[in-house]
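Close look at the chain arrangement
Okay, here's what each chain looks like letter by letter:
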Amino acid sequence: MSDRALKNLIMIVMVILVLNQFVGWVAGSWGAVPGVFAALVVVVVSFLFGRKARGDAGNTAWFLVPVLLFAVIPTGVRLWGFFANEESLWAKLWDSLPFVLGFLVPIGTLLLVYWSLGRGRRQPAAPPHARG
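Throughout, a residue's number is its position along its own chain's written sequence, starting from 1. Totals for whole chains, interfaces and linings use every residue, but because this is a predicted model, local features are given only for residues with pLDDT of at least 70 and side-chain atom pairs only at 80 or more, for both listing and counting. Excluded from the side-chain calculation are hydrogens and water; included are all heavy atoms of the structure.

Focus: the overall build of the protein chain
Broken down by element type, the protein chain carries 4 helices and 0 strands. Listed by position from the N terminus, the elements making up the protein chain come as α-α-α-α. Per-residue accessibility, obtained with a 1.4 Å probe over protein chains only, is compared with the maximum for each type, and a residue is labelled buried under 20%, exposed over 50%, and partly exposed between these values. Evaluated residue by residue, the protein chain yields a buried proportion of 24% over its 132 residues. In this analysis, two residues are considered to be in contact whenever any of their non-hydrogen atoms come within 4.5 Å of each other. Within the protein chain, counting contacts between residues at least 6 apart in sequence, those at least 24 apart form 62% of the total. Areas reported as accessible are Shrake-Rupley estimates using a 1.4 Å probe. Residue values count occlusion only from the protein chains shown. Total accessible area on the protein chain is roughly 9000 Å²; 70% of this is exposed by carbon and sulfur atoms. Strands here mean DSSP runs of E at least two residues long; helices mean DSSP runs of H or I at least four residues long; both are numbered from the N terminus.

Here you go:
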């Protein structure tokens, strides 16, 4: 698979993760109808920034703007709740674990891979006989 195809797949997965997290947060806070509007906003903003990225002579940083924007908002809300909550530190960490492992770690990993693919300096795998 080409680097370009891998980058496209990674971006699609990141948008799906962000869409799930952002829409889930909006729907959980304000209901289903605002959740649907939030989904539309995420999709439209992602599409518009994707078009801008393709139009700016290959400036792929525009692809990352909606991902970062819609990832920062739920993360900020979670952090606000984390510090405002008066439970014990262990209880707060335990409650935050699904968000961290189910959203922050995958998004961070995918951003790292996306960035690595964009640099175009990947090393080919060594042939099996050369691994020793």
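With respect to the layout of surface pockets
A cavity, in this analysis, means grid points on a 1 Å lattice covering only the protein atoms where a 1.4 Å probe fits yet has no way out; a pocket is instead an open set bounded by protein on both sides within 12 Å along at least five of seven lines, and a residue lines either one if it has an atom within 4 Å of a point. Grid points are joined across faces, edges and corners, and a volume is the space filled by probe spheres set on the points. Roughly 520 Å³ of internal volume is contained in the largest pocket. Surrounding the largest pocket, 21 residues form its lining, Asn 8, Met 11, Arg 54, Phe 63 and Tyr 114 being those nearest its centre. Among the elements that line the lining of the largest pocket, the one with the most residues is helix α1 (residues 3–30), at 8 residues. Under this grouping Gly is polar, as are all residues other than the nonpolar Ala, Val, Leu, Ile, Met, Phe, Trp, Tyr, Cys and Pro and the charged Asp, Glu, Lys and Arg. When the residues that make up the lining of the largest pocket are grouped by side-chain class, the tally is 12 nonpolar, 5 polar and 4 charged.

Describing the side chain of Ser 46
With respect to the secondary-structure elements, Ser 46 resides in helix α2 (residues 32–55). A relative accessible area of 18% means that Ser 46 is categorised as buried. Side-chain polar atoms of Ser 46 contact the backbone oxygen of Val 42, separated by 2.8 Å. Among residues more than four places away in sequence, those in contact with Ser 46 are Val 15 and Pro 66. Each polar contact in these results corresponds to two N or O atoms within 3.5 Å; when the atoms are within protein, one needs to be able to donate a hydrogen and the other to accept it, and residues that are neighboring in sequence are counted only if both atoms are side-chain atoms.

Focus on the packing of aromatic side chains
In summary, the pairing rule links any two rings of Phe, Tyr or Trp, Trp by its six-membered ring, whose centres are within 6.5 Å, and it sorts them by plane angle into stacked for under 30 degrees, edge-to-face for over 60 and tilted for everything else. Scanning all chains against the criterion turns up 5 aromatic pairs. Ring geometry for Phe 22 and Trp 25: centres 5.7 Å apart, planes at 50 degrees, overall tilted. Remark: Trp 25 and Phe 22 occur in helix α1; sequence separation between them is 3 residues, near one turn of the helix. Taken together, the ring pairs connect Phe 22, Trp 25, Trp 30 and Phe 70 into an aromatic cluster. One Lys or Arg, Lys 7, reaches over the ring of Tyr 114 and ends 4.7 Å from the middle of that ring. To sit over a ring, a charge needs its Lys NZ or Arg CZ within 6 Å of the ring centre and within 35 degrees of the ring normal. Above the face of the Phe 82 ring, Lys 92 is positioned so that its terminal group lies 5.0 Å from the ring centre.

Some details on the nonpolar core
For our purposes a nonpolar core is just a set of buried Ala, Val, Leu, Ile, Met, Phe, Trp, Tyr and Cys residues, chained together by side-chain atoms within 4.5 Å. Membership of the largest hydrophobic core comes to 22 residues, with the highest contact counts inside it found for Met 14, Val 18 and Phe 103. Of all the secondary-structure elements, those providing two or more residues to this core are α1, α2, α3 (61–84) and α4 (89–119). Broken down by element, this core gets its largest block of residues, 8 residues, from α1. Aside from chain neighbours lying at most four places away, what touches Met 14 is Leu 64, Val 67, Ile 107, Leu 110, Leu 111 and Tyr 114.

Overview of the packing of α1 against α2
To get an axis, fit a line to the C-alpha atoms, keeping to the stretch in contact for a helix; angles then go from 0 to 180 degrees between the N-to-C directions. The N-to-C vectors of α1 and α2 enclose an angle of 150 degrees; their axes lie 7 Å apart at closest approach. Of the possible angle classes, the one that applies to α1 and α2 is roughly antiparallel. Seen from above, α1 lies across α2 with right-handed handedness. Every residue of α2 that contacts α1 at Val 15, Leu 19, Phe 22, Val 23, Val 26, Ala 27 and Trp 30 is listed here: Ala 32, Pro 34, Gly 35, Ala 38, Ala 39, Val 42, Val 43 and Ser 46. A breakdown of the residues in the contact of α1 with α2 according to their chemical character gives 13 nonpolar, 2 polar and no charged. Here is the rule for angles: anything less than 35 degrees is roughly parallel, anything more than 145 is roughly antiparallel, 65 through 115 is roughly perpendicular, and the remaining ranges are oblique. For any helix crossing, the convention is left-handed if the near helix is rotated counterclockwise from the far helix by under a right angle, and right-handed if that rotation is clockwise.

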